[in-house]
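Examination of the molecular architecture
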Amino acid sequence: MRRLLAGLAVGAFLVATSACGSSDGGGASDKNSSSGGTTTVKVGVIPIVDVAPLYLGQKEGFYSKRGLKLSMTTANGGAAIVPGVVSGQFQFGFSNVTSLMLAQSQNVQVKAIANGVASTGVSGKDFGAVVVKKGSSLKSAKDLEGKKVAVNTLKNINETAVRESVRKAGGDPDKVKFVELAFDQMPAALDKGQIDAAMAVEPALTTMLGQGATQIAWPLVDAAPDLTVAMYFTSTSYASKNPDVVKKFQEATAESLAYADAHPDEVRQIVATYTQVPATVLAKVILPKWPAEANRSSIEALEKLSETDGLFKTAPDLDKLLP
């Protein structure tokens, strides 16, 4: 409970300090505004390639034609977004499935409502990878034993995935020294030698490769075939009180995912509007998959890995959590 309350405080701070992407700067509303019956909803996101479909969908009018306006707010990871949604400061959020499973296992009232992003499933061509500095002696995940490895959130999906890569390479994941670092801070930290390796996702991954970094493992691929990495979610309370808004968000998001999958060039262009990444870097990023439906079997595999790593005291109820 103490950890949950601390998380709620962090969520409140993030909402107050890092809002972006809203033209009116106002708070979210459960009721239609007077401007043409539009409902403005706040969505907690991470400033990475994964959430490009939402920005594209807003630009293409997929949300507005259903009477929705999105006000995006950024955070470092899904673990910080969950308390923001539960406290009502966001109506919807983007989170990795591990954070959602952790919340559900602790009886936090969250409900996944739409698919978010998936691994490409291909080693060497995934949007997430462990990278090391140019000239590093580390050649495989096994070599991460005793080394300082950055992940965006401790005890979460990326740490679990890296641990599985270490296991598969014949190493002991308990010997890895994980440190928490935001994705956009990883390139500088690796370049300065403050960390030995980083579990990075796009566009930070391509930024590091441009600095001469080398990929040595693809944890999201190792965790499960065609892994569902993240989903969009809401609180069970908001879902029960606002079923029409939730349905509209689901429909618009599904259309946005399909559009992003079919228009990779537009994805790269839209990412430039909510990150500081140069166009030259974005032209090289490896895009994830945006399938319409979550891969249940991959989530079940991730649940087992999380249990192996001791993340759950009580197993999550996937039937209640997933759509």
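First, a word on what this report is: a plain description of the structure on this page.

The next thing to look at is the pairing of strand 8 (residues 197-201). Within strand 8, 5 of the 5 residues are buried, which leaves the element mostly enclosed by the surrounding structure. Taking every second residue as pointing to the same face, both faces of strand 8 are buried, with A197, M199 and V201 on one and A198 and A200 on the other. Summarising the sheet, strand 5 (residues 128-132) and strand 8 pair through 5 bridges and their orientation is antiparallel. Bridging from a neighbouring strand, V130 pairs with M199 of strand 8. Two strands pair when backbone bridges link them, and strand 6 (residues 148-151) and strand 8 are joined in this way by 2 bridges, in the parallel orientation. Bridging across to strand 8, A150 finds its partner in A198.

This part covers the packing of helix 4 (residues 97-105) against helix 13 (residues 296-308). At a minimum axis distance of 10 Å, the contact between helix 4 and helix 13 shows a crossing angle of 65°. Considering the angle they form, helix 4 stands roughly perpendicular to helix 13. Handedness of the crossing formed by helix 4 with helix 13: right-handed. Listed contacts from helix 13 to V97, T98 and M101 of helix 4 are I299, L302, E303 and S306. Looking at the contact of helix 4 with helix 13 residue by residue, the classes come out as 4 nonpolar, 2 polar and 1 charged.

The next thing to look at is the packing of helix 3 (residues 78-86) against helix 4. With their axes 9 Å apart at the nearest point, helix 3 and helix 4 run at an angle of 45° to one another. One element, helix 3, and the other, helix 4, form an angle in the oblique class. Along this stretch, helix 3 crosses helix 4, giving a crossing that reads as right-handed. Residues G78, A79 and V82 of helix 3 pack against S99, L100 and A103 of helix 4.

All chains considered together, the criterion is met by 7 aromatic pairs. Where F62 meets Y259, the ring centres are 5.5 Å apart and the plane angle is 70°; that geometry is what we call edge-to-face. Of this pair, F62 sits in the loop between helix 2 (52-60) and strand 2 (68-74) while Y259 is found in helix 10 (residues 243-262), placing the two residues 197 residues apart along the sequence. Owing to a relative accessible area of 9%, F62 belongs among the buried residues under this scheme. Through pairs of rings, three or more aromatic residues link up here, namely Y63, F92, F94, Y232, Y238 and F249.

All right, on to helix 13 then. Taking 1.5 Å of rise per residue, 13 residues should cover 18 Å, and helix 13 covers 19 Å from first to last C-alpha, within 8% of that figure. Within the span of helix 13, buried status applies to S298, I299, L302, E303, L305 and S306. Looking straight down helix 13, one finds that the buried residues subtend no more than 165° of arc, so they occupy a single side. Across helix 13 from its buried face, at more than 90 degrees, point the exposed residues K304 and T308. Those residues of helix 13 that are buried lie in contact with helix 4, helix 5 (157-168), helix 8 (219-223), strand 10 (228-235) and helix 14 (318-321). G310, located one to two residues past helix 13, shows a positive phi value of around 75°.

Rules of the game
- Residues numbered from 1 in each chain as written.
- Predicted model: local features only at pLDDT ≥ 70, side-chain atom pairs only at ≥ 80, totals over all residues.
- Heavy atoms only, no water.
- Buried < 20%, exposed > 50% of the residue type's maximum accessible area, 1.4 Å probe, protein only.
- Helix = DSSP H or I, 4+ residues; strand = E, 2+ residues; numbered from the N terminus.
- Pairing = 2+ DSSP bridges.
- Axes fitted to C-alpha atoms, helices over the stretch in contact; angles between N-to-C directions.
- Parallel < 35°, antiparallel > 145°, perpendicular 65-115°, else oblique.
- Left-handed = near helix turned anticlockwise from the far one by under 90°.
- Contact = heavy atoms within 4.5 Å.
- Nonpolar A, V, L, I, M, F, W, Y, C, P; charged D, E, K, R; others polar.
- Phe/Tyr/Trp six-rings, centres within 6.5 Å; stacked < 30°, edge-to-face > 60°.
- Expected span 1.5 Å × (residues − 1).
- Arc of directions from axis to C-beta.

Geometry only, nothing functional implied.
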